[in-house]
Amino acid sequence: MPVPTNEKEYNGFLFDQLSLIEEITEVAQKENATATLSVLEKKKKQVERKLYQQPPLISG
């Protein structure tokens, strides 16, 4: 995957990660995979921390 060149592109990448986490979480919930859900929650918090960080990680 190419390195994002601006904040908008980087944020899009992070939103894509959140979407994947949400989709995998749905399956893990149906399967009652508690260990997987725990890891997914941790990953979601990590991505959100980057996404909503102030000031942004990269500046245009």
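Provided above is the structure to which this section pertains.
The structure reproduced in this document is the subject of the present report. Going along each chain's sequence as written, the residues are numbered from 1 onward. Where totals are concerned, whole chains, interfaces and linings use all residues; where local detail is concerned, this predicted model gives features only for residues with pLDDT of at least 70, and gives and counts side-chain atom pairs only at 80 or more. With hydrogens and water excluded, all non-hydrogen atoms of the structure serve as input to the side-chain values.

Let's talk about the overall build of the chain
So, point 1. What counts as a helix is a DSSP run of H or I of at least four residues, what counts as a strand is a run of E of at least two, and both are numbered from the N terminus. Helices and strands together make up the secondary structure of the chain, namely two helices and zero strands.
So, point 2. Counting all 60 residues of the chain, 15% fall into the buried class.
So, point 3. Of the contacts formed within the chain by residues at least 6 apart in sequence, a portion of 56% connects residues at least 24 apart.
So, point 4. Only carbon and sulfur atoms are counted for the fraction: they give 54% of the accessible area of the chain, which is about 4900 Å². Buried means the residue's accessible area, taken with a 1.4 Å probe over protein chains only, is under 20% of the maximum for its type, while exposed means over 50%, and partly exposed covers the values in between. The contact criterion used is simple: two residues touch if any of their non-hydrogen atoms lie within 4.5 Å. Values of accessible area rely on a 1.4 Å probe in the Shrake-Rupley scheme; residue burial ignores everything except the protein chains shown.

A look at the nonpolar core
So, point 1. For this analysis, a nonpolar core means a set of buried residues of the types Ala, Val, Leu, Ile, Met, Phe, Trp, Tyr and Cys, connected via side-chain atoms within 4.5 Å. One finds Tyr10, Leu14, Leu18, Ile21, Ala28, Leu40, Val47 and Leu51 forming the largest nonpolar core, which totals eight residues.
So, point 2. Listing elements by their share of this core, those giving two or more residues are helix H1 (7-30) and helix H2 (34-51).
So, point 3. When residues of this core are assigned to their parent elements, the largest contribution, five residues, is made by H1.
So, point 4. Look past the residues within four positions of Val47 in its chain and what remains in contact with it is Leu14, Gln17, Leu18 and Ile21.

Regarding the environment of Phe15
So, point 1. Take Phe15: it is sitting in helix H1.
So, point 2. Residue class for Phe15 comes out partly exposed when judged on its relative accessible area of 41%.
So, point 3. Taking the C-alpha atoms as reference points, Phe15 and Val47, 32 residues apart in sequence, are found 8.4 Å from one another.
So, point 4. Not counting residues within four places of it along the chain, the set of residues in contact with Phe15 comprises Leu51 and Tyr52.

What about H2?
So, point 1. The span one expects for a helix is its residue count, reduced by one, times 1.5 Å. The first and last C-alpha atoms of H2 sit 25 Å apart over 18 residues, in line with the 26 Å expected at 1.5 Å per residue.
So, point 2. Inspection of H2 places Leu40, Val47 and Leu51 among the buried residues, and these make up the whole buried set. For H2, the angular spread of buried residues about the axis comes to 40°, placing them on one side. Turned more than 90 degrees off the buried face of H2, the exposed positions are Thr34, Ala35, Lys42 and Arg49.
So, point 3. On its buried face, H2 sits against H1. The arc refers to the directions leading from the helix axis to the C-beta atoms.

Notes on unusual backbone geometry
So, point 1. Phi is positive for Asn32, close to 55°, though the residue is something other than glycine.
So, point 2. On the secondary structure map, Asn32 appears in the loop between H1 and H2.
So, point 3. By relative accessible area, which is 58% here, Asn32 ends up exposed.

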